[in-house]
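# Analysis of the macromolecular model
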Amino acid sequence: MDRKYVTEKVLADAAGIARAAEILHAGGLVAVPTETVYGLAARADREEAVARIFAAKGRPSFNPLIVHVGDEEQAARYARWSNAAQTAVETAWPGPLTVVIPSRPDAGLAPAVTAGLPTVALRCPAHPAMQQLLAAVDFPLAAPSANRSGFISPTSADHVLASLDGRIDLVLDAGPTEAGVESSILAIRDDGSWEELRAGPIDLDALHRQYFGKDMPAPGEGRTLEAPGQLASHYAPGKPLRLGVTRPETDEFMIGFGATRGDVTLSAGGDLGEAARNLYACLHKAAGSQKPRIAVAQVPGEGVGKAINDRLRRAAAPVDQSSGS
């Protein structure tokens, strides 16, 4: 898909949401704000619309998409909803939690959404603009991150336009996102057990202990691709990236944290929530700097720090040209 026009950018107000709904109804692509990152939305029930997501992003067809819904009732139209699923989302929806559960044979979703898997990934986002948009359409929205596949995720409308201008129809601009990293992804198995597929803003270990009084089982080895964000190389800034750095080399753009200063900082006060919000903005600045390499300070691995370190490890991994986000 070659760039053919300039993408329209509008505020995520009533008029902008109405315009977005009109474009989505016709099968177009709209970048939408969520509480995590900006997503690239298309109607999930129309094959040609979903195909436009893959074309605009350069996304490989084996990477499934997350379906965004307004509530549990809508989710149950597309998946075999269960008591286990309801328990998982009880306190986390609307919010940054995606659940992967068996899909319904009569779901009516475009086959590319699930990439041929027997499961579907579902999320009910909390962002008010996204909630209003979902209420304005009578179909589910497939929405991966609004960036070229494999590269840094967008936490602002300008980040979206940096890689997708001219490749999509509209960007709904609601300012910077709040959480800053993609949703936690939880697979709910047939026996009701949980498995974390992607770390995110929701601490799934803590949630599991709250509900079941024990730690969640460790992920199995050699897992197949079941959801976005599982590829080894991901969120890449296009430059070599070194982690756990206290003193950068002269040719490195330094991303600091806490007492470790840098050209920019994730959080001068060592706040992990602030670090998550700033992560991709810092990576975008590093990617755009004149320095050929990037260094990142050590970030603690507890809480949302687990998700931050997950994204940084994938950003530092050698780029696989077949990867996607």
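Just so it is clear, the model here is predicted, and its values are computed rather than measured. (Residues numbered from 1 in each chain as written. Predicted model: local features only at pLDDT ≥ 70, side-chain atom pairs only at ≥ 80, totals over all residues. Heavy atoms only, no water.)

## What about the environment of phenylalanine 62?
By the secondary structure assignment, phenylalanine 62 is in the loop between helix 2 (47-57) and strand 4 (66-68). Along the sequence, phenylalanine 62 and leucine 164 sit 102 residues apart, while their C-alpha atoms lie 21 Å from each other. (Helix = DSSP H or I, 4+ residues; strand = E, 2+ residues; numbered from the N terminus.)

## Quick word on the sheet that holds strand 14 (residues 293-296)
One open sheet accounts for four strands, arranged 11-14-12-13; its pairing is parallel. Every other strand in the sheet has two partners, leaving strand 11 (241-242) and strand 13 (264-265) as the edge strands with one partner each. Across the sheet, helix 9 (residues 272-288) lies against strand 11, strand 12 (252-256), strand 13 and strand 14, angled at about 165° from strand 12, the strand it touches most. (Pairing = 2+ DSSP bridges. Contact = heavy atoms within 4.5 Å. Axes fitted to C-alpha atoms, helices over the stretch in contact; angles between N-to-C directions.)

## Some remarks on the packing of helix 9 against helix 10 (residues 305-316)
Their axes nearest at 9 Å, the elements helix 9 and helix 10 cross at an angle of 30°. Between helix 9 and helix 10, the angle falls in the class roughly parallel. Where helix 9 crosses over helix 10, the handedness of that crossing is left-handed. Seen from helix 9, the contacting residues are Leu272, Ala275, Ala276, Leu279 and Tyr280; seen from helix 10, they are Gly305, Ile308, Arg311 and Leu312. The class makeup of the residues in the contact of helix 9 with helix 10 is seven nonpolar, one polar and one charged. (Parallel < 35°, antiparallel > 145°, perpendicular 65-115°, else oblique. Left-handed = near helix turned anticlockwise from the far one by under 90°. Nonpolar A, V, L, I, M, F, W, Y, C, P; charged D, E, K, R; others polar.)

## Some remarks on the nonpolar core
Membership of the largest hydrophobic core comes to 48 residues, with the highest contact counts inside it found for Trp93, Leu97, Leu122 and Ile168. Sort the elements by how many residues they give to this core and helix 2 lands first, with five residues. Filtering out sequence-adjacent residues up to four positions away, tryptophan 93 remains in contact with Val69, Asp71, Glu72, Ala75, Trp81, Val99, Leu122, Arg123 and Cys124. Counting residues in hydrophobic clusters, the runner-up holds 31 residues, among them Val181, Ala199, Val264 and Val299. (Core = buried A, V, L, I, M, F, W, Y, C linked by side-chain atoms within 4.5 Å. Buried < 20%, exposed > 50% of the residue type's maximum accessible area, 1.4 Å probe, protein only.)

## Some points on the pattern of salt bridges
Per the stated rule, a full pass over the model turns up 20 salt bridges. Close ionic contact of glutamate 35 with arginine 123 constitutes a salt bridge, the shortest N to O distance being 2.8 Å. Of the two residues, glutamate 35 sits in the loop between strand 2 (30-32) and strand 3 (39-43) while arginine 123 sits in strand 6 (residues 119-123), which places them 88 residues apart along the sequence. Linking arginine 209 and aspartate 215 is a salt bridge whose minimum nitrogen-to-oxygen distance equals 3.2 Å. Under the relative-accessibility criterion, arginine 209 is labelled partly exposed at 39%. Judged by its relative accessible area of 53%, aspartate 215 is exposed. Linked by salt bridges that have partners in common, Glu182, Asp310, Arg311 and Arg314 make up one network. (Salt bridge = Lys/Arg side-chain N within 4 Å of Asp/Glu carboxyl O.)

## Quick notes on the confidence of the model for the protein
Detailed reading of the predicted model is not advised wherever pLDDT is low. Of the residues in the protein, 94% reach a pLDDT of 70 or more, and the chain-wide mean stands at 93. Counting interchain partners and residues more than four positions distant, the pLDDT-below-50 stretch residues 321-325 has 23 contacts. (pLDDT = per-residue confidence, 0-100.)

## Examining the sheet that holds strand 7 (residues 141-142)
In spatial order, the strands read 1-8-2-3-7-4-6-5-9-10; together these 10 strands make up an open sheet with mixed pairing. Strands with a single pairing partner mark the edges of an open sheet, and in this sheet they are strand 1 (8-11) and strand 10 (194-198). Where strand 1 and strand 8 (residues 170-173) come together, four bridges link them in parallel fashion. Note on strand 8: the bridge partner recorded for lysine 9 is valine 171. Here helix 1 (residues 14-25) sits on the sheet and contacts strand 1, strand 2, strand 3, strand 7 and strand 8; the angle it forms with strand 8, its principal contact strand, is near 150°. Along the sheet, helix 7 (residues 157-164) contacts strand 1, strand 2, strand 3 and strand 8; its crossing angle with strand 8, the most-contacted strand, is approximately 165°.

## What to know about the environment of proline 217
Within the secondary structure, proline 217 is located in the loop between helix 8 (204-212) and strand 11. A residue is classified by how much of its surface remains accessible, and proline 217, at 47% relative accessible area, is partly exposed. Considered as a pair, proline 217 and glutamate 195 are 22 residues apart in the sequence and their alpha carbons are 6.9 Å apart. Not counting the four nearest positions on each side in its chain, proline 217 is found in contact with Trp194 and His208.

## Here we look at the packing of aromatic side chains
Under the criterion given, the structure shown has four aromatic pairs. Note on tryptophan 194 and tyrosine 211: the rings are 6.0 Å apart at their centroids and 80° apart in plane angle, and the pair reads as edge-to-face. Here the residue tryptophan 194 occupies a position in strand 10, and tyrosine 211 occupies one in helix 8, the gap between them amounting to 17 residues. Judged by centre distance (5.3 Å) and plane angle (90°), the ring pair of tryptophan 194 and phenylalanine 212 falls under edge-to-face. With tryptophan 194 in strand 10 and phenylalanine 212 in helix 8, the pair connects residues that are 18 residues apart, well separated along the chain. Here the aromatic residues Trp194, Tyr211 and Phe212 are joined through ring pairs into a cluster of three or more. Residue placement shows arginine 43 over the ring face of phenylalanine 139; its charged tip is 4.0 Å from the ring centre. (Phe/Tyr/Trp six-rings, centres within 6.5 Å; stacked < 30°, edge-to-face > 60°. Lys NZ or Arg CZ within 6 Å of the ring centre and 35° of its normal.)

## Some points on the packing of helix 1 against helix 6 (residues 128-136)
Two numbers describe how helix 1 lies on helix 6: the axes approach to 9 Å, and their chain directions differ by 50°. The angle between helix 1 and helix 6 falls in the class oblique. Viewed along their axes, helix 1 and helix 6 form a crossing whose handedness is right-handed. Residues Ile17, Ala20, Ala21 and Leu24 of helix 1 lie in contact with helix 6, whose contacting residues are Ala129, Gln132, Leu133 and Ala136. Across the contact of helix 1 with helix 6, the residue classes break down as seven nonpolar, one polar and no charged.

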